[in-house]
Protein chains: 4
Amino acid sequence: MDRGWDNWRVSSNERRYVIRLGCPDRAGVVARISGFLAEAGGWIVEAAYHTDPDTNWFFTRQEVRAESLPFGVDELRRRFGEVARELSAKSDWTVTDTGRRRRVAILVSKEGHCLYDLLGRVHSGELDVDITAVVGNHADLAGITRAHGIPFHHVPFPAADPEGKAASFAQLRQLVDAGSPDAIVLARFMQVVPAELCAEWAGRALNIHHSFLPSFVGARPYHQAHQRGVKLIGATCHYVTAELDQGPIVEQDVIRVDHGDSVADMVRKGRDIEKVVLARGLRAHLESRILLHGNKTVVF
Amino acid sequence: MDRGWDNWRVSSNERRYVIRLGCPDRAGVVARISGFLAEAGGWIVEAAYHTDPDTNWFFTRQEVRAESLPFGVDELRRRFGEVARELSAKSDWTVTDTGRRRRVAILVSKEGHCLYDLLGRVHSGELDVDITAVVGNHADLAGITRAHGIPFHHVPFPAADPEGKAASFAQLRQLVDAGSPDAIVLARFMQVVPAELCAEWAGRALNIHHSFLPSFVGARPYHQAHQRGVKLIGATCHYVTAELDQGPIVEQDVIRVDHGDSVADMVRKGRDIEKVVLARGLRAHLESRILLHGNKTVVF
Amino acid sequence: MDRGWDNWRVSSNERRYVIRLGCPDRAGVVARISGFLAEAGGWIVEAAYHTDPDTNWFFTRQEVRAESLPFGVDELRRRFGEVARELSAKSDWTVTDTGRRRRVAILVSKEGHCLYDLLGRVHSGELDVDITAVVGNHADLAGITRAHGIPFHHVPFPAADPEGKAASFAQLRQLVDAGSPDAIVLARFMQVVPAELCAEWAGRALNIHHSFLPSFVGARPYHQAHQRGVKLIGATCHYVTAELDQGPIVEQDVIRVDHGDSVADMVRKGRDIEKVVLARGLRAHLESRILLHGNKTVVF
Amino acid sequence: MDRGWDNWRVSSNERRYVIRLGCPDRAGVVARISGFLAEAGGWIVEAAYHTDPDTNWFFTRQEVRAESLPFGVDELRRRFGEVARELSAKSDWTVTDTGRRRRVAILVSKEGHCLYDLLGRVHSGELDVDITAVVGNHADLAGITRAHGIPFHHVPFPAADPEGKAASFAQLRQLVDAGSPDAIVLARFMQVVPAELCAEWAGRALNIHHSFLPSFVGARPYHQAHQRGVKLIGATCHYVTAELDQGPIVEQDVIRVDHGDSVADMVRKGRDIEKVVLARGLRAHLESRILLHGNKTVVF
């Protein structure tokens, strides 16, 4: 929330400020927040609420027309901070500005379908972000990356060499962090991220797992699916945490398969789900639509 | 809104008041509504908003804990009326009480899949309503209806006899209106409802059409779909209006078919979509989740 | 295959004989089977093939117009037996007659949505079978069953009383087996079937599990799904085997949920998937469309 | 079928010959075809059949291991020609060789999502074809095309200048035909192809239309969908014919939208469907899985 936004853009779309907050539920919380905005003249153009009755926790996301307020995002954040304290909000509340161009780092391996998909969205302007870097443990995707004017870094990860791997992760971390990304996207990266890096990137690193979690955790999920004889295969976009494939789920989808589909067919069909699920998850993340609630997500 | 609710129930679930309103959009409208509720101590447990930028129109639905307010639904409706006037709300705004048991009339013909589905939901308590009457232009479904202790009325509709049809509709109208239903469900009724009845039941009569509208309007949509060679067939739940199959769409869904599916197969597969789409639409209607905006719906 | 079909019906549809067989794959196997049929004048109206390259195993299902053959199903079965032996077919090959009315026993507990759905299909003629018995460990569904002229048997299963349970299962077995059913449908039966009964009913007992297996095996799958925060919930129709929820999967489907769905909402939404998935699986079973291949199914 | 295949490839997968044929249905047709193959030692690895009872027409597609036959594809085609004549097959029967690398021409305008998707599939090897040319009426996609070593031709289409358009189409036709493509893909080309070109490319030109046909024919289908208030939007891949958006449908899919989706949101969500539907349709076409039957398709 306070990583010091400093580069701005004039969007083709209307500029908005986005408030995102979770706090204990009680009567009047909606009125407190909307009253605060109304007092300042804020015009709410999108608002979403969720109450979790099990934990009595309240979540909201509000979009306000930037031009309807007499001050900027920093002042809005400062003033809203008082409301957040008053409501005993969780510390991960944010006030962001859609006018600030988001920054994304992408980690890849050999498989390019997710990267192609993301680059296509960047090219068309649908995903209006700066790709700060693409880092691959193989060099297969250097060409397509550089054709878009984006730096590609090849960082090999030596198999069965823990020390070498640690060094590679240190290098990767540096390359990623240099771009101060809002999101780190593991676009079929295929390496297990060390716990300390998971901690540093907590709430910013999104992985696409090629199964409908919690089914088929770990390696070769399509082989597992084929072995079990399921009639649908899926993909899951989740935040990366130290426990493999156990992070908060952001988005999932499935596609039908049948007895005629080999593992290779499943891999092929699954790709079409993976790339769309990842893109949806990333979009929700960059638009500040996701709130964490324990190991679960609220996606507005 | 003012059809005089007079029978109440204590729900197994928490009782809530539901506010539903559309009005011209402007800054402060959210604050005005939530402020009004907060002042009275109202605890909002579910809230949804939508702004239509094309028409600059604002829509909201709010659920408040009944016990959080020091007065009942009639007083809430009276007081909220002032807010509604102040906001220049459309006249179809409502304040309803989930504690009042809803009433539903069902119109059928020969095909029973939608009726079976609805009765099953009533039996399980999922659809916690009174079925005031089932009226059929054939008697095929009398048995299953009466097995549930629900009155079944057989009103034949003579083909190619306009006067006879008018008399039948007059009788049907009387049977339906006698139960003061909140919803009139055309569960594959197969008769074209006269314009005056559409007008009387405006916003209360839900039809299930067995195609993915606007494709295949009118008679024998599965034959039309088979003829065109589509790869998906669908069903549409919409409000009944005088223009056939042109009313505001509430819910739709589709199912995959292929070259191997005959018209009979499409009819069979389509039934599974029809009944679910109708049930979803009816549920949204009864929970006051639907707002009309021209010929379109906002479904919260 | 040889349980001695003896009661026949004249279907409104064309009568057909259905051959279903698995055997080791080799060149000429399609020609051997279709040549055998052609020699006898058999007119194939539907044919499906599958080769599993991993195991080099071949599967087929063929529908032949009954009237195109100069002999009946028993003679066809006798003659085809020679082909099956020649092809070293698995012993579960069958030759069946669509003109024979199928028989189905249904096991239920308290939840009625699957039973309502099946009875609706029977009533409409879509599921053109005899329901030989409905057996429930609770009596809740006696009324709707008997309203259809179908015998309902209440067999209580005492909790935490192994001997009592064994006696109940013995009684249930007798009630089911008395009807010589082609399918035993566990329509949300909620009791774990003993291994010996699983063995007796092998390949005939279909269960509907209320999760997208292999996720959420065992009890309270919707609670598990809610806990994990998945974005889709599902249902699985599978053959019953001694290992709980591990039998060959016949059919699966899913429905979208989000953070706003409570466990109760998931239960409600899940029902709509459960009943459709079960009905599809049962239909495929009764039409001899399913072949077992290890713990997997080929569904033609 | 007889456009003179002359360039071959050794696939990483097993090489197969594919027979595709439609003929009047009668007893023995399956046996005639499989018997013909068996006599020559042909090992069928995939076989599909369809009978259309309305027209009494039979369709089949068979894949045979190339190495199981003692002759090549030309000799197989010659010999099978006798069977085809004997069965009075439609003249569009084919015998093709999966070992021959397919050739694809792509027509584009400004929107790149389908092109990116196809190029990604080519890059990964999933779509193992030669892209002979990309022709655009705008130059926006020249960069990404040429980054893949594929020639891009910019052919402007002057608006409201029929003669200029005719000249542009003549140039486009030359550029496309020079590559002798097996498929001409209109990847959001946005120009109405003249009737004579439709005729020349009949059965080879695939279009992606951004609606669920037959809904929303013609221009700006997402605007039409938004206007009508549908709850699902779709995409349709179809063969190009002289009558706009009326050609045989190959594949369709849909995605859910709601009242909150603007036209721009629909455009964005629709893209994810368009590209996948087009890719599936193209794959089926290139694998000789599609047979035409009047204005409908059989897709094996």
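Cut-off values and rules
Residues numbered from 1 in each chain as written. Chains lettered and ligands numbered in written order. Predicted model: local features only at pLDDT ≥ 70, side-chain atom pairs only at ≥ 80, totals over all residues. Heavy atoms only, no water. Helix = DSSP H or I, 4+ residues; strand = E, 2+ residues; numbered from the N terminus. Buried < 20%, exposed > 50% of the residue type's maximum accessible area, 1.4 Å probe, protein only. Contact = heavy atoms within 4.5 Å. Areas by Shrake-Rupley, 256 points an atom, 1.4 Å probe, with all protein chains shown as cover. Lys, Arg positive; Asp, Glu negative; His and termini not counted. Charge placed at Lys NZ, Arg CZ, Asp CG, Glu CD. Domains from an automatic or database assignment. Buried area = accessible area lost by both parts, 1.4 Å probe. Salt bridge = Lys/Arg side-chain N within 4 Å of Asp/Glu carboxyl O. Polar contact = N/O pair within 3.5 Å; in protein donor to acceptor, adjacent residues only side chain to side chain. Axes fitted to C-alpha atoms, helices over the stretch in contact; angles between N-to-C directions. Parallel < 35°, antiparallel > 145°, perpendicular 65-115°, else oblique. Left-handed = near helix turned anticlockwise from the far one by under 90°. Nonpolar A, V, L, I, M, F, W, Y, C, P; charged D, E, K, R; others polar. Least-squares fit on C-alpha atoms with pLDDT ≥ 70 in both. Pairing = 2+ DSSP bridges. Core = buried A, V, L, I, M, F, W, Y, C linked by side-chain atoms within 4.5 Å.

Secondary structure assignment for chain A yields eight helices and 13 strands. Expressed along its principal axes, the backbone C-alpha trace of chain A runs to roughly 60 × 40 × 40 Å. A burial count over chain A gives 60% of its 300 residues as buried. Long-range pairs, those at least 24 residues apart, make up 68% of the contacts in chain A with a sequence separation of at least 6. As presented, chain A carries roughly 11,400 Å² of accessible surface, and 50% of it is formed by carbon and sulfur atoms. Distance between charge centroids for chain A: 2 Å, based on 37 positive and 38 negative side chains.

All names here are of chain A. Here chain A is partitioned into domain 1 (16–97) and domain 2 (102–299). In this structure, domain 1 and domain 2 have C-alpha centres spaced 31 Å apart. With 17 residues of domain 1 at the contact, the number on the domain 2 side is nine residues. When the buried area of domain 1 at its contact with domain 2 is split by residue, Arg20, Phe59 and Arg61 rank highest and sum to 49% of it. At the boundary of domain 1 and domain 2, one finds two salt bridges. We note a salt bridge from Glu46 to Arg289, for which the minimum N-O separation is 2.8 Å. Applying the counting rule to domain 1 against domain 2 returns nine residue pairs in polar contact (both at pLDDT 80 or more). Within the residue set of the side of domain 1 that touches domain 2, elements represented by two or more residues are β1 (16–24), β2 (44–52), β3 (57–65) and β4 (94–97). In terms of residue count, the dominant contributor to the side of domain 1 that touches domain 2 is β3 (five residues).

Residue and element names in this part refer to chain C. Put simply, helix α7 (residues 221–228) and helix α8 (residues 263–286) touch, their axes get as near as 10 Å, and they point 120° apart. As the angle between them shows, α7 and α8 are arranged oblique. Note on packing geometry: the crossing formed by α7 with α8 is right-handed. Together, Tyr222, His223, Ala225 and His226 of α7 and Val263, Met266, Val267, Gly270, Arg271 and Glu274 of α8 make up the contact between the two elements. Residue composition of the contact of α7 with α8, by class: five nonpolar, three polar and two charged.

Attention now goes to the relation of the copies chain D and chain B. With an RMSD of 0.0 Å, the fit of chain D onto chain B corresponds to turning through 180° and sliding 0.0 Å along the axis. Here the symmetry operator amounts to a two-fold rotation axis. Relative to the rotation axis, the closest C-alpha in chain D is found at D:Ser215, a distance of 2.5 Å. Taken together, the interface assignments show that 100% of the residues at the interface of chain D recur at the interface of chain B, consistent with an identical surface on both copies.

Let us now look at the pattern of salt bridges. In total, this model carries 144 salt bridges over all chains according to the counting rule given. Two residues, B:Glu75 and B:Arg78, come together in a salt bridge whose shortest N-O distance is 2.8 Å. In this pair, B:Glu75 and B:Arg78 are both assigned in helix α2 (residues 73–86), three residues apart and thus about one turn of the helix distant. Note that B:Glu126 is salt-bridged to C:Arg271, the shortest N-O span being 2.7 Å. Of this pair, B:Glu126 sits in the loop between α3 (113–124) and β6 (129–136) while C:Arg271 sits in helix α8, each in a different chain. Across the pair, exposure class does not vary: B:Glu126 and C:Arg271 are buried alike. Several salt bridges converge on common partners, so that one network encompasses A:Glu14, A:Arg16, A:Glu46, A:Arg61, A:Glu63, A:Arg65, A:Arg283, A:Glu287 and A:Arg289.

A separate point is the interface of chain C and chain A. Listed by partner, the interface residues are 33 residues for chain C and 33 residues for chain A. Between chain C and chain A lies a buried interface of about 2,800 Å² when both sides are counted; carbon and sulfur atoms form 53% of it. For the chain C face of the interface with chain A, the top three residues by lost area are C:Arg228, C:Lys231 and C:His259, together amounting to 26%. Between chain C and chain A we count four salt bridges in total. With its nearest N and O atoms 3.1 Å apart, the salt bridge here joins A:Glu251 to C:Arg256. Taken together, the connections running from chain C to chain A amount to 21 residue pairs in polar contact (both at pLDDT 80 or more). Of all the secondary-structure elements, those providing two or more residues to the side of chain C that touches chain A are α7, β11 (249–256) and β13 (296–299) of chain C.

By definition, the strands of a sheet pair up through backbone hydrogen bonds, in either a parallel or an antiparallel sense. All names here are of chain B. With respect to topology, seven strands assemble into an open sheet ordered β7-β6-β5-β8-β9-β10-β11, the strand pairing being mixed. Taken across any chain shown, the strands that pair with only one partner, and hence form the sheet edges, are β7 (152–154) and β11 (249–256). Averaged over all pairs of adjacent strands, the angle between strand axes in this sheet comes to 15°, irrespective of strand direction. Note: strand β5 (residues 102–108) against strand β8 (residues 183–186), four bridges, orientation parallel. Bridging from a neighbouring strand, Leu107 pairs with Leu186 of β8.

What follows is about the nonpolar core. B:Ile106 and C:Ile106 are the most contacted members of the largest nonpolar core, which totals 87 residues. For C:Ile106, the contacting residues outside a window of four places in its chain are C:Leu115, C:Leu118, C:Ile131, C:Ala133, C:Val134, C:Val135, C:Val185 and C:Ala187. Within the second largest apolar cluster, 86 residues are counted, among which are A:Val104, A:Tyr222, A:Val230 and D:Phe216.

This part takes up the packing of α3(B) against helix α8 (residues 263–286) of chain B. All names here are of chain B. The interhelical angle for the contact between α3 and α8, taken along N-to-C directions, is 45°, at an axis separation of 9 Å. Between α3 and α8, the interaxial angle falls into the category oblique. α8 is crossed by α3, and the crossing has right-handed handedness. On α8, the residues touching His113, Cys114, Asp117, Leu118 and Arg121 of α3 are Arg271, Glu274, Lys275, Val276, Leu278, Ala279 and Leu282.

So, on to the interface of chain D and chain B. Contacts between the two partners involve 33 residues from chain D and, on the opposite side, 33 residues from chain B. The largest per-residue losses of area from chain D upon contact with chain B belong to D:Arg228, D:Lys231 and D:His259, which jointly make up 26% of the total buried on that side. Linking chain D to chain B there are four salt bridges. Here chain D is connected to chain B by 21 residue pairs in polar contact (both at pLDDT 80 or more). Top element by residues in the side of chain D that touches chain B is strand β11 (residues 249–256) of chain D. It accounts for seven residues. Within the side of chain D that touches chain B, the residues separate by chemical class into twelve nonpolar, twelve polar and nine charged.

Our focus in this paragraph is the sheet that holds strand β5 (residues 102–108) of chain A. Residues and elements named next belong to chain A. On the basis of which strands lie adjacent, the open sheet formed by seven strands has the order β7-β6-β5-β8-β9-β10-β11 and mixed pairing. Where the open sheet ends on each side, the last strands, each with one partner, are β7 (152–154) and β11 (249–256). Going across the sheet, the axis of each strand differs from the next one's by a mean of 15°, ignoring polarity. Here strand β8 (residues 183–186) pairs with strand β9 (residues 205–209) via three bridges, running parallel. Of the residues in β9, the one forming a bridge with Val185 is Leu206. Against the sheet, helix α5 (residues 162–177) contacts β5, β6 (129–136), β7 and β8, and its axis sits at roughly 170° relative to β6.

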